[in-house]
Amino acid sequence: MSDVEVDLVLRSTRVITPEGTRAATVSVAGGRIAAVSPYDAGVPAGARLEDFGDDVVLPGLVDTHVHVNDPGRTEWEGFWTATRAAAAGGITTLLDMPLNSLPPTTTVEHLAVKRDVARPKAHIDVGFWGGAIPSNVKDLRQLHDAGVFGFKCFLSPSGVEEFPELDQEQLARSMAEISGFGGLLIVHAEDPHHLASAPQRSGPRYADFLASRPRDAENTAIGNLISHAKRLGARVHVLHLSSSDALPLIAEARREGVSITVESCPHFLTLTAEEVPDGATEFKCCPPIREAANQDALWQGLADGTIDCIVSDHSPCTTDLKTPDFASAWGGISSLQLGLPAIWTEARKRGHTLDDVVRWMAKAPADLAGLGAKGAIEAGRDADFAVLAPDATFTVDPAELHHRNQVTAYAGRTLYGVVRSTWLRGRRIVENGNLAEPTGRLLERNN
């Protein structure tokens, strides 16, 4: 691109690029990054300069695990509120999960409904996962051709009757179909037999709930998933890894050539079972938040590359569904706006850098979904940025969150990292918590 095309220049003493953090000037033309230049590079005539001083410019985050629940359960969330919360948290791209909306994204017709609802409400760019359920093997290729980024399945009950789980035979059948056209299967991996045999007690005690979702349920499900993927040559992704016991299984599978990737979530990496108060079902999720020693091992899995990425698994609901009974309360953590500061607060304590956080929360999720225009600050990519004051702190006030129901497990926590502004394709969409009108686009695989 020639200089005359550049309309915006961003400058900071700390810009996170694929080569590391450095003082740099980032030129933007037509919504894309034209160049990343030395800090003292000149500003082309007619271009606007935004100088962020020592605040850090990082690529807009990519969250590939968000339950927007729209349409059908819009009182739980919605594209307007979810994408506002994401933008306020430095996220510029999200992928919507295929369940908890009505209809679920299990046919091309249902995908069209979802897109029509999302299109006028998206403050950031939005893409869609398809769903793999027992009855829709025939629909999977059509969904793939229509641009979904892959297919989600459950191996244990999902919690909603319109999205049933796959048994092992159905898993193999769906995996074979998806592998046949080069697709990606993403899996909620908990084994139903281990869950059924675990002690089930109602009531407010978190210890009882934790015992009802044992690590063995995850470990066995992941082991079975690896066996199928190895046999079928399939590409698979483990969602929201909670059990650190599964890390050696995953590492060994990769050494054997299995195409398997793994994510974890802010709540598993920043919250511990020991600190969950009884009755505090804002902490309930499946699989569950586990003990501090397990969390330490998850961080080691991030450090050594066994865990690829960190995504929110934002799974909200109305306040009334978070009853004090862990057995009956809806399971899901609302964290879309808080993932970056939550992870940065813990990462800095553990000796990690913002470069690491960007790799886990921008580059790796973009790579997972094949979003070649997202996830990094380099020429040719979309001009998506978050500007962060990494040493500034704030205390989480649920009333200041943008997602629809102000329930969060992070209430009252003091976190490092204040998002000063968020930029989508060269347009500032958030500044000091104030949001512009929606300009997000709907994304399709490989476009």
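A short tour of the structure in this document, coming up. Note that the structure is a prediction, hence the values are computed from the model and not measured.

## Quick notes on unusual backbone geometry
In step 1: The amide bond that connects D70 to the next residue, P71, takes the cis arrangement and shows omega of 5°.
In step 2: Mapped onto the fold, P71 is located in the loop between β6 (61-66) and α1 (79-88).
In step 3: Geometrically, the link from C286 to P287 is a cis peptide bond, its omega value of 0° lying close to zero.
In step 4: Within the secondary structure layout, P287 lies in the loop between α9 (266-270) and α10 (292-303).
In step 5: Even without a glycine there, the phi angle at N100 is positive, about 80°.
In step 6: Mapping N100 onto the fold places it in the loop between β7 (91-96) and α2 (108-118).

## Remarks on the packing of helix α4 (residues 168-180) against helix α7 (residues 215-232)
In step 1: Look at α4 against α7: their axes get within 10 Å of each other, and the N-to-C directions meet at 40°. By the angle between their directions, the pair α4 and α7 is classed as oblique. In this structure, α4 meets α7 at a crossing whose hand is right-handed. Every residue of α7 that contacts α4 at Q168, L171, A172, M175, A176 and S179 is listed here: N224, L225, H228, A229, R231 and L232.
In step 2: In terms of residue class, the contact of α4 with α7 is made up of 7 nonpolar, 4 polar and 1 charged.

## Observations regarding the side chain of T105
In step 1: Tracing the sequence through the fold places T105 in the loop between β7 and α2.
In step 2: According to the relative accessible area criterion, T105 is buried, its value standing at 0%.
In step 3: When near neighbours in sequence (up to four residues on either side) are disregarded, T105 contacts P98, H110, L111, K114, W129, G130, G131 and L143.

## Side note on the nonpolar core
A general trend in soluble globular proteins is that nonpolar side chains are found buried together.
In step 1: In terms of nonpolar packing, the biggest core is built from 97 residues, with L58, F151, L185 and L241 touching the most fellow members.
In step 2: When residues in this core are grouped by element, the largest group, 6 residues, is from helix α12 (residues 354-369).
In step 3: Sequence-distant contacts of L185, defined by excluding residues within four places in its chain, comprise A132, F151, C153, L171, M175, I178, R235, V236 and H237.
In step 4: Listed in part, the 21 residues of the second largest apolar core include V160, F163, C317 and L371.

## So, the sheet that holds strand β14 (residues 309-310)
In step 1: Taken together, 6 strands build an open sheet; the order of strands is β9-β10-β11-β12-β13-β14 and the sheet is parallel. The two strands at the open ends of the sheet, each matched to only one other strand, are β9 (130-131) and β14.
In step 2: When strand β13 (residues 259-264) meets β14, the two strands line up parallel, connected through 2 bridges. Looking across to β14, one finds that E263 is bridged to C309.

## Concerning the pattern of salt bridges
In step 1: The tally for this structure, following the rule as stated, stands at 33 salt bridges.
In step 2: One salt bridge in this structure joins R205 and D208, with 2.7 Å as the shortest N-O distance.
In step 3: On the basis of relative accessibility, which here comes to 42%, the residue R205 falls in the partly exposed class.
In step 4: A salt bridge links D245 to R215, with the shortest nitrogen-to-oxygen separation between them at 3.1 Å. Taken together, the positions of D245 in the loop between β12 (235-238) and α8 (247-255) and R215 in helix α7 put the pair 30 residues apart, joining distant regions of the chain.
In step 5: Given the relative accessible area of 38%, D245 is considered partly exposed.
In step 6: By relative accessible area, which is 24% here, R215 ends up partly exposed.
In step 7: Ionic contacts of the salt-bridge type, sharing partners, join the residues R32, D125, K374, D382, D384 and R425 into one network.

## Structural notes on the packing of α7 against α8
Packed helices, taken two at a time, are described by the angle between their axes plus the distance between the axes.
In step 1: The N-to-C vectors of α7 and α8 enclose an angle of 10°; their axes lie 10 Å apart at closest approach. Classed by the angle they form, the pair α7 and α8 counts as roughly parallel. From α7, N219, I222, G223 and I226 reach across to α8, where they touch L249, I250 and A253.
In step 2: Here the residues of the contact of α7 with α8 are counted per class, giving 5 nonpolar, 2 polar and no charged.

About the cut-offs
- Residue numbers here run from 1 along each chain, matching the order of that chain's written sequence.
- For a predicted model such as this one, the threshold for reporting local features is a pLDDT of at least 70, and the threshold for listing and counting side-chain atom pairs is 80 or more; totals across whole chains, interfaces and linings nevertheless cover every residue.
- Only hydrogens and water are set aside; all other atoms, that is, all heavy atoms of the structure, feed into the side-chain values.
- Numbering of helices and strands starts at the N terminus; helices are DSSP runs of H or I of at least 4 residues and strands are runs of E of at least 2.
- An axis is simply a line fitted to the C-alpha atoms; with a helix, the fit covers only the stretch in contact. Between two such axes, the angle follows the N-to-C directions and lies from 0 to 180 degrees.
- If an angle is under 35 degrees, it is roughly parallel; if it is over 145, roughly antiparallel; if it lies from 65 to 115, roughly perpendicular; otherwise it is oblique.
- Each helix crossing is assigned a hand: it is left-handed if the near helix lies turned anticlockwise from the far helix by less than a right angle, otherwise right-handed if that turn is clockwise.
- In this description, contact between two residues means that some pair of their heavy atoms is separated by no more than 4.5 Å.
- When residues are sorted by character, Ala, Val, Leu, Ile, Met, Phe, Trp, Tyr, Cys and Pro go into the nonpolar class, Asp, Glu, Lys and Arg into the charged class, and all the rest, Gly among them, into the polar class.
- Using a 1.4 Å probe on the protein chains alone, a residue whose accessible area is under 20% of its type maximum counts as buried, one over 50% counts as exposed, and one in between counts as partly exposed.
- Residues belong to a common nonpolar core when they are buried Ala, Val, Leu, Ile, Met, Phe, Trp, Tyr or Cys residues joined through side-chain atoms within 4.5 Å.
- Paired strands, as defined in this entry, are two strands with at least two bridges between them according to DSSP.
- One speaks of a salt bridge when a side-chain nitrogen belonging to Lys or Arg is within 4 Å of a carboxyl oxygen belonging to Asp or Glu.

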